[in-house]
Amino acid sequence: MNIALLVARRYLFSTKKRNFINIISIVSIVGVAIGTAAMVIVLSVFNGLEDFTRSLYSSYHADLEITPLRGKSFVADSLLLSRIARIEGVQAVTEVIADDALLRYKDAQIVVKVKGLSSNFDQQYPIKEKLIGGNFALWKQKIPCAMIGVGVQLQLGIDLGNDMEPLIFWYPRKDKQVNMTDPSKNFEQRMIMPCGVLAIEQQFDQNHVLVPIEWTEDLMQYDNRRTSIEVKLQKKTDMAAVQNAIRAIVEVSGLQVKNSEEQQESIMRAIRIEKLFVFVALSFVLAIASFNIFFTLSMLAIEKQHDIAVLLAMGASSRMIHRIFLTEGFFIAWIGAVSGIVIGFVVCFLQMQFGFVSLGIQSSVIQAYPVQMQWMDFFSIGLLVFVITVVASYAPARRATAVRVSEML
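Computed from a predicted model, the values in this text were never measured in an experiment. (Residues numbered from 1 in each chain as written. Predicted model: local features only at pLDDT ≥ 70, side-chain atom pairs only at ≥ 80, totals over all residues. Heavy atoms only, no water.)

Evaluated as defined, the whole model comprises 10 salt bridges. The residue K113 makes a salt bridge to D100 at a minimum N-O spacing of 3.7 Å. Within this pair, whereas K113 is found in strand β4 (residues 108–117), its partner D100 is found in strand β3 (residues 90–105), the two being separated by 13 residues in sequence. Across the pair E188 and R190 runs a salt bridge, and its minimum N-O distance is 3.0 Å. By relative accessible area, R190 is classed as partly exposed at 22%. (Salt bridge = Lys/Arg side-chain N within 4 Å of Asp/Glu carboxyl O. Helix = DSSP H or I, 4+ residues; strand = E, 2+ residues; numbered from the N terminus. Buried < 20%, exposed > 50% of the residue type's maximum accessible area, 1.4 Å probe, protein only.)

Here's what the structure looks like:
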């Protein structure tokens, strides 16, 4: 029989006598439970935000993106494209020319990100369902046209039904000589009609325009150069294996291959850093709540001095007394931790099923806070509770072993 466990359990769960120490013990359990539940809920919300951000950006980011290590563009010949397309697991290879340009419509103008795409762009991006007006196409009866973000449409007041008013793009010429007498001659100007409006995500909606790559070549004088090549993978394909295979082909040419995570590296890093700081902040809250464990065990050690002296007189070792109070601390902490984890799990599960906590904004993308529970978070919280319990219980347990039998009996 584990005597330390038996005595600790009796001190905590005895129903014969309820005193102030029992009340403090209950308060300690409640404090740990609330802190643990808060950590589970908040970390799960951050997991949900990270997963939502990843899925949101993946709608218009490729599985793999090939870009130059230096400069803005590189030569993309047919041999390179065919070698990439022949790799097992590759579904589509899309050529891209993307750069900033000035867009004018009537008397309004803004700087936008022009993205020229090859004809198989619809295989690359699952964004057809994001169309909110017009047609999902970059060609209309063999005439190039543009799909714009809804934010671009609102800023410039673009009317898709007005066939007499085109979009006018201005892009700096690559001529080394600058015309000072007529600055407008320093820019290439091209017109194109809008044919569709997309609502994907704020960053895209506010400044993106999708156009045919042939039209972009003419505007930006890129010829056979590309700013990137985007690769769509087949389902259930090992992304890392395909990435390594492409890297072996393109690294000689001074190109790099980024997966979807690496393309969104800054955003994902920001979310993870914020999650880390929140975890640290809530850890301090949980540590403060654990002070109740320290005070409970300290008062219990004072109250049970006579019991401790009797145990010592009966042959109990100081190590056993130490274990009794450590076990008492573990009881308090783990009852609170398990209760908090259960509460947090239930709250997160209900949020995932019913979304009863709304974001408070009108959005067609998401209505309620996204939540995703991860077992690693539960493990981290459990480990944190264990460490805090040891720290909070050690001093009172050590003090309990300092009782002198001759003075108490």
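Having seen the structure, we can now continue with the description.
Here we take up the layout of surface pockets. In this approach, a probe sized like a water molecule rolls over the atoms, and the result shows the empty space that is left. Looking at the largest pocket, its volume works out to about 640 Å³. If you trace the largest pocket, you find 24 residues lining it, with H61, E65, A98, K113 and K115 closest to the centre. For the lining of the largest pocket, the secondary structure elements donating two or more residues are β1 (64–68), β3, β4, α6 (202–207), β12 (228–233), β13 (255–259) and α10 (265–289). Here the lining of the largest pocket is built from residues that sort into 6 nonpolar, 11 polar and 7 charged. (1 Å grid on protein atoms, 1.4 Å probe; cavity = no way out; pocket = protein on both sides within 12 Å on 5 of 7 lines; lining within 4 Å. Points joined across faces, edges and corners; volume = space filled by probe spheres on them. Nonpolar A, V, L, I, M, F, W, Y, C, P; charged D, E, K, R; others polar.)

On to empty space enclosed by the protein, then. Applying the stated rule across the entire model yields 2 cavities of 30 Å³ or more. Here the largest cavity defines a volume of roughly 40 Å³. What lines the largest cavity is Y60, K115, Y125, I127, F204, H208 and L210. Here the lining of the largest cavity is built from residues that sort into 5 nonpolar, 1 polar and 1 charged. The calculated volume of the second largest cavity comes to roughly 30 Å³. Along its surface, the second largest cavity is lined by V32, L286, S290, I293, A333, V385, I388 and T389. With 3 residues, helix α14 (residues 375–400) is the largest single contributor of residues to the lining of the second largest cavity. The class makeup of the residues in the lining of the second largest cavity is 6 nonpolar, 2 polar and no charged.

Within the secondary structure, Q351 sits in helix α13 (residues 318–354). Judged by its relative accessible area of 7%, Q351 is buried. Among the polar contacts made by the side chain of Q351, one reaches the main-chain amide nitrogen of F356 at a distance of 3.3 Å. Filtering out sequence-adjacent residues up to four positions away, Q351 remains in contact with F356, V357, A368, Y369 and V371. (Polar contact = N/O pair within 3.5 Å; in protein donor to acceptor, adjacent residues only side chain to side chain. Contact = heavy atoms within 4.5 Å.)

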